[in-house]
Amino acid sequence: MAKVEKKKTPGESDELRQQLVALLDGGQAHATFADAVARFPVKLRGVVPDGLPYSAWQILEHIRLAQRDILDFSAPPTGGYQPMEWPAAYWPKSAEPGSPEAWDRSVAAVDADLAKFKKLILRPESDLAKPFLWGTGQNLLREALLIADHNAYHVGELIVLRRLLGAWKK
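Residues numbered from 1 in each chain as written. Predicted model: local features only at pLDDT ≥ 70, side-chain atom pairs only at ≥ 80, totals over all residues. Heavy atoms only, no water.

Asks: Let's hear about the packing of aromatic side chains: which residues, and what values?
Replies: On inspection of all chains with the given rule, the structure shows six aromatic pairs. When the ring of Phe40 is compared with that of Trp103, the centres are 5.2 Å apart and the planes differ by 45 degrees; the resulting orientation is tilted. Of the two residues, Phe40 sits in the loop between helix H2 (33–37) and helix H3 (56–74) while Trp103 sits in helix H4 (residues 100–122), which places them 63 residues apart along the sequence. Ring geometry for Phe132 and Trp134: centres 5.0 Å apart, planes at 5 degrees, overall stacked. For Phe132, a relative accessible area of 14% puts it in the buried group. Looking at Trp134, the relative accessible area reads 31%, which means it is partly exposed. (Phe/Tyr/Trp six-rings, centres within 6.5 Å; stacked < 30°, edge-to-face > 60°. Helix = DSSP H or I, 4+ residues; strand = E, 2+ residues; numbered from the N terminus. Buried < 20%, exposed > 50% of the residue type's maximum accessible area, 1.4 Å probe, protein only.)

Have a look at this one:
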């Protein structure tokens, strides 16, 4: 018996895209990225609490670097996708940001890259399930779920870190 595929209506596709954007924005079941980084005390951004391997700065930069890599993989820049070395290229070596402005630039870059990725999702001509011509079968839907999952995990880490440092009052 042949498998009959149900054709998706435009409304179903639009709904999926909107749900993906909402997932990427976070905040439905936990704190958002914006919540986790807002008013983070400057003097605590480079502190590595006992028992943890990273500072808030390192986690923030890791979110930025990993998300940018996923964006570049999903919509390669001119010249194609250039893989980064794991894990060295995904984690900053210094526990401390170079300046308060470095923290602000990193937060702004996370927000800007996420906005670019959401535009990819919302483009009606984007086939969410079509495998990329590069990679090993990845598609835009998979990469959206990867960003949402990865960011949520590290947002949780930022909040735990803030709690350990006495800097979380929500």
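Read on, since the account is not over.
Asks: Give me H3: which residues, what numbers.
Replies: With 19 residues, H3 should reach 27 Å at 1.5 Å per residue; the first-to-last C-alpha distance of 27 Å fits that figure. Along H3, 16 of the 19 residues are buried, which leaves the element largely enclosed by surrounding structure. (Expected span 1.5 Å × (residues − 1).)

Asks: Break down the pattern of salt bridges for me, citing the residues and quoting the values.
Replies: Throughout the structure, instances matching the rule amount to six salt bridges. Linking Arg123 and Glu125 is a salt bridge whose minimum nitrogen-to-oxygen distance equals 3.0 Å. Looking at Arg123, the relative accessible area reads 37%, which means it is partly exposed. Glu143 is the salt-bridge partner of Arg142, the closest N and O atoms lying 2.5 Å from each other. (Salt bridge = Lys/Arg side-chain N within 4 Å of Asp/Glu carboxyl O.)

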